[in-house]
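One letter stands for each residue in the lines below.
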Amino acid sequence: MTKTTPPSIITLDGPAASGKSTIGRKLADALGYLFFDTGIMYRAVTWIALQFDMDLRDEDAITELAQNAQIDIHPPSVGDGRACDVIIAGRDVTWEMRSGDVDANVSVVSAYAGVRKALSERQRQIGRRGRIVMVGRDIGTVILPEADLKIYLDASAEERARRRYEEIIARGGQADYDEILNKMIERDRFDSTRAIAPLRPADDAVIIDSDKMNAEQVFERALELCNQDL
Ligand code: DC
């Protein structure tokens, strides 16, 4: 297959808080592409299930919810660091979806085959249109294996926990570093050992280890990959 420069379909996978959204947004802006964070869809389904006190172990019920959930994603209406507005039933849940409750339960929800099937189909339809930076866990391996450029963004759990901690403090919240670190390790373990579409780099992904890089350096590296012949 002939690849285009810059690549039209760009996938960005990696563990929690590896900087995927920050880099993905900047890259999409620089290229004039759509930025799509697929984690939002899994978070939204989890948020609705928690809101309605659903039994998260009931795979059939959660799957049905994923099939029918109306999740509206709009350009950001508030300049508070959000990449987009996430609206569910008329309510802005952009930050609620990032709560500890959702963090603690989203891995269970996203491991269900039916949930993945429902959301994957929607993601694939959007991704195949091209001119997109799509962010997640399985985008390069399962959703868009035909992508023109696949990036896997990695960093140690300690570094990622530090970034998440500082992000919360910067928003005026309260956080405990050790708790964040332990929960992050647990979520990554779950996401990378699940049977369906586990978190892992695609064989043809370029791995960027951002431990000793700042966001600007990671962005420059990603942009360089977009501008070189693949
Ligand atoms: O990127 P995030 O932390 O917002 O993702 C939330 C959860 O959703 C994450 O723990 C795993 C799941 N997820 C997934 O399984 N596949 C994706 N493509 C994106 C997210």
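Residues numbered from 1 in each chain as written. Predicted model: local features only at pLDDT ≥ 70, side-chain atom pairs only at ≥ 80, totals over all residues. Heavy atoms only, no water.

Peer 1: Tell me about the packing of helix 2 (residues 39–51) against helix 5 (residues 113–127), and please be specific about residues and values.
Peer 2: Running from N to C, helix 2 and helix 5 cross one another at 140°; their axes reach a closest spacing of 10 Å. Considering the angle they form, helix 2 stands oblique to helix 5. Of the two possible hands of crossing, helix 2 and helix 5 adopt the one that is right-handed. Touching Met41, Tyr42 and Val45 of helix 2 are Val115, Arg116, Leu119, Ser120, Arg122 and Gln123, all from helix 5. Looking at the contact of helix 2 with helix 5 residue by residue, the classes come out as five nonpolar, two polar and two charged. (Axes fitted to C-alpha atoms, helices over the stretch in contact; angles between N-to-C directions. Helix = DSSP H or I, 4+ residues; strand = E, 2+ residues; numbered from the N terminus. Parallel < 35°, antiparallel > 145°, perpendicular 65-115°, else oblique. Left-handed = near helix turned anticlockwise from the far one by under 90°. Contact = heavy atoms within 4.5 Å. Nonpolar A, V, L, I, M, F, W, Y, C, P; charged D, E, K, R; others polar.)

Peer 1: Describe in detail the packing of helix 7 (residues 157–170) against helix 8 (residues 177–193), supporting the description with residues and values.
Peer 2: Between helix 7 and helix 8, whose axes approach to 9 Å, the crossing angle comes to 125°. Our classification of the angle between helix 7 and helix 8 gives oblique. For the pair helix 7 and helix 8, the crossing hand works out as right-handed. In contact with Ala157, Glu158, Arg160, Ala161, Arg162, Arg164, Tyr165 and Ile168 of helix 7, helix 8 contributes Tyr177, Ile180, Leu181, Met184, Ile185, Arg187 and Asp188. Of the residues in the contact of helix 7 with helix 8, the class split is nine nonpolar, no polar and six charged.

Peer 1: Can you explain the sheet that holds strand 5 (residues 91–92)? Please cite residues and give values.
Peer 2: Taken together, the three strands give an open sheet; going across it, the order is 3-4-5, and neighbouring strands pair in antiparallel fashion. Every interior strand has two partners, whereas the edge strands, strand 3 (72–74) and strand 5, have only one. Both strand 3 and strand 4 (residues 85–88) contribute to a ladder of three bridges, which runs antiparallel. Note on strand 4: the bridge partner recorded for His74 is Asp85. With respect to the sheet, helix 2 is in contact with strand 3, strand 4 and strand 5, its orientation differing from that of strand 4 by roughly 35°. (Pairing = 2+ DSSP bridges.)

Peer 1: Any chance you could break down the sheet that holds strand 1 (residues 9–13) for me, citing the residues and the numbers?
Peer 2: One open sheet accounts for five strands, arranged 2-6-1-7-8; its pairing is parallel. With one partner strand each, in any of the chains shown, strand 2 (34–37) and strand 8 (206–209) form the two edges of the open sheet. The mean inter-strand angle of the sheet, taken between neighbouring strand axes irrespective of direction, is 20°. Relative to strand 6 (residues 132–136), helix 5 is tilted by about 155°, and along the sheet it contacts strand 1, strand 2 and strand 6. Docked against the sheet, helix 9 (residues 215–227) engages strand 1, strand 7 (149–154) and strand 8, running at close to 165° with respect to strand 8.

Peer 1: Kindly report on the pattern of salt bridges, identifying the contributing residues and their values.
Peer 2: In this structure the tally under the stated criterion is 23 salt bridges. Note that Glu167 and Arg164 form a salt bridge whose closest N and O atoms lie 3.5 Å from each other. Of the two residues, Glu167 and Arg164 are both situated in helix 7; the distance of three residues between them amounts to about one turn of the helix. Judged by relative accessible area, which is 18%, Arg164 ranks as buried. A network of salt bridges, in which partner residues are shared, links Asp80, Arg82, Asp85 and Asp92. (Salt bridge = Lys/Arg side-chain N within 4 Å of Asp/Glu carboxyl O. Buried < 20%, exposed > 50% of the residue type's maximum accessible area, 1.4 Å probe, protein only.)

Peer 1: Run through the packing of aromatic side chains, naming residues and quoting values.
Peer 2: For the structure shown, the criterion picks out zero aromatic pairs. Taking NZ or CZ as reference, Lys26 lies 4.6 Å from the ring centre of Phe219, over its face. Its end group placed over the ring of Trp95, Arg171 keeps NZ or CZ at 4.2 Å from the ring centre. (Phe/Tyr/Trp six-rings, centres within 6.5 Å; stacked < 30°, edge-to-face > 60°. Lys NZ or Arg CZ within 6 Å of the ring centre and 35° of its normal.)

Peer 1: Describe the site of the ligand, and please don't skip the residues or the numbers.
Peer 2: Within the structure, the ligand sits among 16 residues, and Arg43, Arg116, Arg187, Asp191 and Arg194 are positioned closest to it. Note that an oxygen atom of the ligand is positioned 2.8 Å from one of the side-chain N or O atoms of Arg187. Notes on the ligand: free accessible area 450 Å², of which the protein chains cover 97%. A class-by-class count of the residues in the shell around the ligand yields three nonpolar, five polar and eight charged. (Near = heavy atom within 4 Å. Polar contact = N/O pair within 3.5 Å; in protein donor to acceptor, adjacent residues only side chain to side chain. Areas by Shrake-Rupley, 256 points an atom, 1.4 Å probe, with all protein chains shown as cover.)

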